[in-house]
Amino acid sequence: MGLALAEARIAAAEGETPVGAVVVKDGAVIATARNRPRALKDPTAHAEMLAIRQACAAIGNERLNGCDLYVTLEPCAMCAAAISFARIRRLYFGASDPKGGAVENGPRFFAQATCHHAPEVYGGIRESEAAALLREFFAERRARG
Ligand SMILES: [Zn+2]
């Protein structure tokens, strides 16, 4: 999660919402990514999506069996679906997201009957650090107007 938080800090410096993600397989990091929708002009360029794409490329498979994803913020519906399709084994996330989250909040994607693979979910990992990053980022943006 430390690596994911570092990625989130880079995202903030780049003017992107500070969210970072890391994929781990057999104890090794195979992907690190951060939110980049503005830079890539791509609304799907969330940290989790980019990390999953990178991890799939790294192992040459569209499924990430036995892989764990660490992300600093509760995934949205799009990312939760991608996590399910990728067959991620365990999901560790930092801050929960009552407005946009889809794991513990909103659609609760993994609890739906139409969800065919649900990872084990562990929320609240280094939550205060992840939440503080987001709070500071939005406070600064508001201050700048
Ligand atoms: Zn997302």
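Structure shown above.
Residues numbered from 1 in each chain as written. Predicted model: local features only at pLDDT ≥ 70, side-chain atom pairs only at ≥ 80, totals over all residues. Heavy atoms only, no water.

Enquirer: Help me understand helix α4 (residues 77-85) in this model?
Expert: An α-helical turn contains 3.6 residues, so a residue and the one three or four places further along point in the same direction. Every buried residue of α4 is accounted for by Cys79, Ala80, Ala81, Ala82, Ile83 and Ser84. Where α4 is buried, its residues touch α3 (47-59), β3 (67-73) and β4 (90-95). (Buried < 20%, exposed > 50% of the residue type's maximum accessible area, 1.4 Å probe, protein only. Helix = DSSP H or I, 4+ residues; strand = E, 2+ residues; numbered from the N terminus. Contact = heavy atoms within 4.5 Å.)

Enquirer: What is the right way to look at the sheet that holds β4 in this model?
Expert: Sheet strands pair by backbone hydrogen bonding; their relative direction is either parallel or antiparallel. The mixed open sheet is built from 5 strands, whose spatial order is β2-β1-β3-β4-β5. Among the strands making up the open sheet, the edge pair consists of β2 (28-34) and β5 (120-122). On average, each strand axis in the sheet is tilted by 15° relative to the strand beside it, whichever way the strands run. Where strand β1 (residues 20-25) meets β3, 5 bridges bridge the pair, whose relative direction is antiparallel. Considered in β3, the bridge of lysine 25 is made with cysteine 67. Of the strands in this sheet, β1, β2 and β3 are in contact with α3, which crosses β2 at around 145°. Packing of helix α5 (residues 127-144) onto the sheet brings it into contact with β3 and β4, and relative to β4 it is tilted by some 55°. (Pairing = 2+ DSSP bridges. Axes fitted to C-alpha atoms, helices over the stretch in contact; angles between N-to-C directions.)

Enquirer: Help me understand the coordination of the zinc ion, please; the structure alone is not making it clear to me.
Expert: Under ideal tetrahedral coordination, the four donors around a metal are separated by 109.5 degrees; under ideal octahedral coordination, the six donors are separated by 90 or 180 degrees. Coordination of the zinc ion by the protein is provided by His46 (ND1), Cys76 (SG) and Cys79 (SG), with metal-donor distances spanning 2.0 to 2.4 Å. Considered as a linear motif, the donors of the zinc ion on their single chain read H-x29-C-x2-C. Here the residue histidine 46 occupies a position in the loop between α2 (37-40) and α3, and cysteine 79 occupies one in helix α4, the gap between them amounting to 33 residues. (Donors = N, O, S within 2.8 Å, 3.2 Å for Na, K, Ca; no water.)

Enquirer: Help me out: how do you make sense of the side chain of threonine 72 in this one?
Expert: Looking at the element boundaries, threonine 72 is found in strand β3. With relative accessibility at 2%, the residue threonine 72 sits in the buried group. The residues contacting threonine 72, other than those within four sequence positions of it, are Met1, Ala4, Leu5, Ala8, Pro18, Val19, Gly20, Gly94, Ala95 and Ala130.

Enquirer: What am I meant to see in helix α1 (residues 2-13) here?
Expert: In this model α1 runs 17 Å from its N-terminal to its C-terminal C-alpha over 12 residues, within 8% of the 16 Å that 1.5 Å per residue would give. The set of residues buried in α1 consists of Ala4, Leu5, Glu7, Ala8 and Ala11. The buried residues of α1 occupy an angular sector of 160° when the element is viewed end-on, so they sit on one face. At its buried positions, α1 is contacted by β1, β2, β3 and α5. With its phi angle positive at about 80°, glycine 15 sits one or two positions after the end of α1. (Expected span 1.5 Å × (residues − 1). Arc of directions from axis to C-beta.)

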